[in-house]
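One-letter residues, chain by chain:
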2 protein chains.
Amino acid sequence: MSSEIICVGTEMLLGDILNSNAQYLAQQLAQLGIPHYYQTVVGDNPERLKQVIEIAASRVQILIFTGGLGPTPDDLTCETIADFFGVPLVEDPEVIEDIAEKFAQRGREMTPSNRKQALIPQGAKVLPNPTGTAPGIIWQPRPNLTIFTFPGVPSEMYRMWEQTAVPFLKSQGWGQEIIHSRSLRFWGIGESALAEKVSAYLNLLNPTVAPYAGKGEVRLRVSAKATSAAAAEELIAPIAKQLIDIAGLDYYGADNETLASVVGKLLRISRETLSVAESCTGGGLGQMLTEISGSSEYFWGGVISYDNSVKVGLLGVNPEDLDKFGAVSATVAEQMAIGVKTRLSTTWGLSITGIAGPTGGTDEKPVGLVYVGLAGPKDEVTSFEYRFGTIRGRALTRHVSANAALDNLRRRLLTR
Amino acid sequence: MSSEIICVGTEMLLGDILNSNAQYLAQQLAQLGIPHYYQTVVGDNPERLKQVIEIAASRVQILIFTGGLGPTPDDLTCETIADFFGVPLVEDPEVIEDIAEKFAQRGREMTPSNRKQALIPQGAKVLPNPTGTAPGIIWQPRPNLTIFTFPGVPSEMYRMWEQTAVPFLKSQGWGQEIIHSRSLRFWGIGESALAEKVSAYLNLLNPTVAPYAGKGEVRLRVSAKATSAAAAEELIAPIAKQLIDIAGLDYYGADNETLASVVGKLLRISRETLSVAESCTGGGLGQMLTEISGSSEYFWGGVISYDNSVKVGLLGVNPEDLDKFGAVSATVAEQMAIGVKTRLSTTWGLSITGIAGPTGGTDEKPVGLVYVGLAGPKDEVTSFEYRFGTIRGRALTRHVSANAALDNLRRRLLTR
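Residues numbered from 1 in each chain as written. Chains lettered and ligands numbered in written order. Predicted model: local features only at pLDDT ≥ 70, side-chain atom pairs only at ≥ 80, totals over all residues. Heavy atoms only, no water.

Draft legend 1. Inspection of helix α10 (residues 259-270) of chain A at higher detail. Residues and elements named next belong to chain A. The terminal C-alpha atoms of α10, which comprises 12 residues, lie 17 Å apart, in line with the 16 Å expected from a rise of 1.5 Å per residue. If you check which residues of α10 are buried, you get Leu259, Ala260, Val262, Val263, Gly264, Leu266 and Leu267. On its buried side, α10 packs onto β9 (178-187), β12 (251-254), β13 (274-278), α11 (284-290), β15 (348-354) and α15 (393-414). Just downstream of α10 lies arginine 271, where phi reads positive at about 50 degrees. (Helix = DSSP H or I, 4+ residues; strand = E, 2+ residues; numbered from the N terminus. Expected span 1.5 Å × (residues − 1). Buried < 20%, exposed > 50% of the residue type's maximum accessible area, 1.4 Å probe, protein only. Contact = heavy atoms within 4.5 Å.)

Okay, structure coming up:
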């Protein structure tokens, strides 16, 4: 028993999009222990798609299709599969109802072309799409051959895979030996420095430990093979604990935790509140904090003081200091933090001012220079200087700046 | 004449890496006008690789391999290709010399396993690798079949492609016709509705027109085949103009333009300024506006009024109206817009208040209910109601809300 991933879409043959669906599905198949030997990409062309189906059906037993389930005429994955196996398409009334409902929710009319998405090969089961209008199918057109179809939109595909395909595959006996991982996340230490600190762990066999770096942070992925998630966790837990102890304060969280979610957790525990004053990040710090549902409990808001007039008018930054030290300075960062904390009556005020680039740098204040200000209880106020340089580019510099600000607050909350 | 990309490497079948090589090569093939119909990924397994070669050699005339050229025993692309065509491998003395020199430069000894990288099928030409030790080949094992091999390391592959493969392909007559595209972007219309409006264009052959949807917007990709980028543009321009005319105000920009950049362009032209007041987006609207370097010319800043106390204290929202209509209401959205516009002394004030979910909804005010407020010159103020429902999830609802706000300002700036 082995599998093949077939991605349908001319946009991949033109190089318009990166085929991240194949990677996601490959990881998922590995986790379930399903052998996976081929990936094929083919365009929106029924003849070539049929040839691809013929080859795949002759060499593997599980075919996983993504793409080509949309409402437009060039979306023809489902009808081509049905045609290949000589089975008619039938309209599924539940799918029609589901599509109509989704259009109604968005206050739009369902168009005739959307009806096409409800056509399912006779005998196939619908693989529901909770977030979009294109359902997939699970189908055994003949013995020893199982077909899955998914839309090409990654977010829709992920949910359909997790909610329906995985339980189905498990019911077929897959996933008895699984690979289970925990990702430990670190801020404030480089990949090679962390790898050296934990070098003894990088040769382990079960669990394995592998470092990854990206977007300013480093991760250690601890992966164990076992018969259940719980058994894998038992292998992972002691190693993870040792790694966390070695890293100390540079470790901030695991898996889906973010610096914003960890800061939120700490503020919730201490029953304190936070406000932000942002210049070069322009709202990005507030956005990170409010990605978490329920953040209104501790995050009260902030001021985007992009223009200096806003720094003075809404945050009470001293115009003379602005002149003397410049908008990108420790003094102004501290006054921004105090200003927002005071005006919003929060326990903590966190500020960012910097030069994200690519323009606006000078010899004295180069692109990548960023100050973070932190104001807290009992009039405490501090600032932190960063020189991120130019190589990261504007978007990443802003991302790293916002996270650096959160990391300072995190360390402060953990060490008082 | 058409081509297939064959990527060799078990790491792709495990989902450890994203197959960016396929996207790069696909873009390059499109630019050269080389038809490209299939991409195949196969593991480091000689039997399966041979079957893949057999299938590819029967359906296309140009095979482009990446991966499996390294010095380790599981790197076997070159020897498997030679084996398939029944041709012996011969050691290339120039390659041996090149590898030895590269090792010397790095102050390392060449290992015996690196000798393997100098084995080339008899009759093949070496495709030099300026930055790494693994050379590729250009080979015609039989008439009407050309094989290229490249290492899997992207940076090495790019240079080898550009420096040797492209000149070779051009010498064979390719690249006289290229494919050039423009992506038209639309907001406020669904994929199927737009596809129906422009249905007559979806069957064009040169340029072609294809719809794509994602993250709340729809795109039409107009792609032309021609002998130069300028000639392709001449084919694209009249069709693009017609599509834009049909779509009217739903069209907002092309290629890398965003709603934020388009609004910025319009504000720059009218020499006006903007401030924002954000509740459920928590800073995301400000972040979008400030993604653009130079946005400080027209974007002055804003207030993140996540907590109601900030709506009252910093934006001057009437507490009685907050009680009466609730924070998520047209009235409060309008007062937020007026408040931020007045306090920051900008021409326009744009506000967002809503329930991003997943919690916080009620029967009367469900998750996905969002109000956008827009305040402008001469005390004009309006608001817009959206019911995005729950299916998009928190992150996408926030993204769509911020873009919907920008879209309203865009339409207002274009229709006065």
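Picking up where we left off.
Draft legend 2. Main features of the sheet that holds strand β10 (residues 208-214) of chain A. Residue and element names in this part refer to chain A. With antiparallel pairing, 4 strands are arranged side by side in an open sheet as β10-β11-β9-β12. With one partner strand each, in any of the chains shown, β10 and β12 form the two edges of the open sheet. Taking each pair of neighbouring strands and ignoring which way they run, the sheet shows an average axis angle of 25 degrees. (Pairing = 2+ DSSP bridges. Axes fitted to C-alpha atoms, helices over the stretch in contact; angles between N-to-C directions.)

Draft legend 3. Structural detail: the sheet that holds strand β12 (residues 251-254) of chain B. Residues and elements named next belong to chain B. Read across the open sheet, the 4 strands follow the order β10-β11-β9-β12; overall the sheet is antiparallel. Here the strands that pair on one side only, and so sit at the sheet edges, are β10 (208-214) and β12. For this sheet, the mean angle separating the axes of adjacent strands, direction not counted, is 25 degrees. Bridging between β10 and strand β11 (residues 217-226) involves 7 bridges; their strand directions are antiparallel. Of the residues in β11, the one forming a bridge with glycine 214 is glutamate 217. Helix α9 (residues 229-247) rests against β9 (178-187), β10, β11 and β12 of the sheet, and its axis sits at about 20 degrees to β9.

Draft legend 4. The arrangement of the pairing of strand β3 (residues 62-66) of chain A in detail. All names here are of chain A. For β3, the buried fraction is high: 5 of the 5 residues fall into the buried class. By the alternation rule, side chains of β3 split into Ile62, Ile64 and Thr66 and Leu63 and Phe65, which are all buried. As defined by bridge partners, strand β1 (residues 3-8) adjoins β3 across 5 bridges and the pair is classed as parallel. Looking across to β3, one finds that serine 3 is bridged to isoleucine 62. As defined by bridge partners, β3 adjoins strand β8 (residues 145-150) across 5 bridges and the pair is classed as parallel. In the strand pairing of β8, leucine 63 is matched with isoleucine 147.

Draft legend 5. Inspection of the interface of chain A and chain B at higher detail. Contacts between chain A and chain B engage 76 residues on the former and 78 residues on the latter. With both sides pooled, the region where chain A packs onto chain B buries about 5800 Å², and carbon together with sulfur makes up 54% of that total. Where chain A packs against chain B, one counts 1 salt bridge. A salt bridge links arginine 221 of chain B to aspartate 16 of chain A; the shortest N-O distance between them is 2.6 Å. Linking chain A with chain B are 35 residue pairs in polar contact (both at pLDDT 80 or more), by the criterion used here. In terms of residue count, the dominant contributor to the side of chain A that touches chain B is strand β2 (residues 36-42) of chain A (7 residues). Note: β2 of chain A against strand β2 (residues 36-42) of chain B, 5 bridges, orientation antiparallel. Of the residues in β2 of chain B, the one forming a bridge with valine 42 of chain A is tyrosine 38 of chain B. (Buried area = accessible area lost by both parts, 1.4 Å probe. Salt bridge = Lys/Arg side-chain N within 4 Å of Asp/Glu carboxyl O. Polar contact = N/O pair within 3.5 Å; in protein donor to acceptor, adjacent residues only side chain to side chain.)

Draft legend 6. How the structure looks around the packing of α10 of chain A against α15 of chain A. Residue and element names in this part refer to chain A. One way to put it is that α10 packs onto α15 with a least axis distance of 9 Å and a crossing angle of 30 degrees. Between α10 and α15, the interaxial angle falls into the category roughly parallel. As for how α10 packs across α15, the hand of that crossing is left-handed. Residues Leu259, Ala260, Val262, Val263, Leu266 and Leu267 of α10 touch α15, and the partners they reach there are Asn403, Leu406, Asp407, Leu409, Arg410, Leu413 and Leu414. Across the contact of α10 with α15, the residue classes tally to 10 nonpolar, 1 polar and 2 charged. (Parallel < 35°, antiparallel > 145°, perpendicular 65-115°, else oblique. Left-handed = near helix turned anticlockwise from the far one by under 90°. Nonpolar A, V, L, I, M, F, W, Y, C, P; charged D, E, K, R; others polar.)

Draft legend 7. Structural view of the domain arrangement of chain A. Along its sequence, chain A is carved into domain 1 (3-172), domain 2 (178-254) and domain 3 (259-415). A straight line from the C-alpha centre of domain 1 of chain A to that of domain 3 of chain A covers 45 Å. (Domains from an automatic or database assignment.)

Draft legend 8. Main features of the side chain of glutamine 117 of chain B. Residue and element names in this part refer to chain B. Here glutamine 117 lies in the loop between α6 (112-115) and β5 (119-121). For glutamine 117, a relative accessible area of 6% puts it in the buried group. Here threonine 133 takes part through its side chain, which lies 3.0 Å from a polar atom of the side chain of glutamine 117. Not counting residues within four places of it along the chain, the set of residues in contact with glutamine 117 comprises Leu69, Gly70, Pro71, Val95, Ile99, Thr133, Ala134 and Pro135.

Draft legend 9. Summary view of the packing of aromatic side chains. Applying the stated criterion to the full structure yields 20 aromatic pairs over all chains. Ring centres 5.8 Å apart and planes at 75 degrees place the aromatic pair phenylalanine 148 of chain A and phenylalanine 168 of chain A in the edge-to-face group. Residue phenylalanine 148 of chain A is located in strand β8, and its partner phenylalanine 168 of chain A is located in helix α7 (residues 154-171); the two are separated by 20 residues in the primary sequence. Across this residue pair, the class does not change: phenylalanine 148 of chain A and phenylalanine 168 of chain A are buried. An aromatic cluster of three or more residues is present, and its members are Phe148, Phe150, Trp161 and Phe168 of chain A. Over the face of the ring belonging to tyrosine 37 of chain B we find arginine 48 of chain A, whose NZ or CZ atom lies 3.5 Å from the ring centre. Seen from the ring of tyrosine 38 of chain A, arginine 59 of chain A lies directly overhead, with NZ or CZ sitting 3.7 Å from the centre. (Phe/Tyr/Trp six-rings, centres within 6.5 Å; stacked < 30°, edge-to-face > 60°. Lys NZ or Arg CZ within 6 Å of the ring centre and 35° of its normal.)

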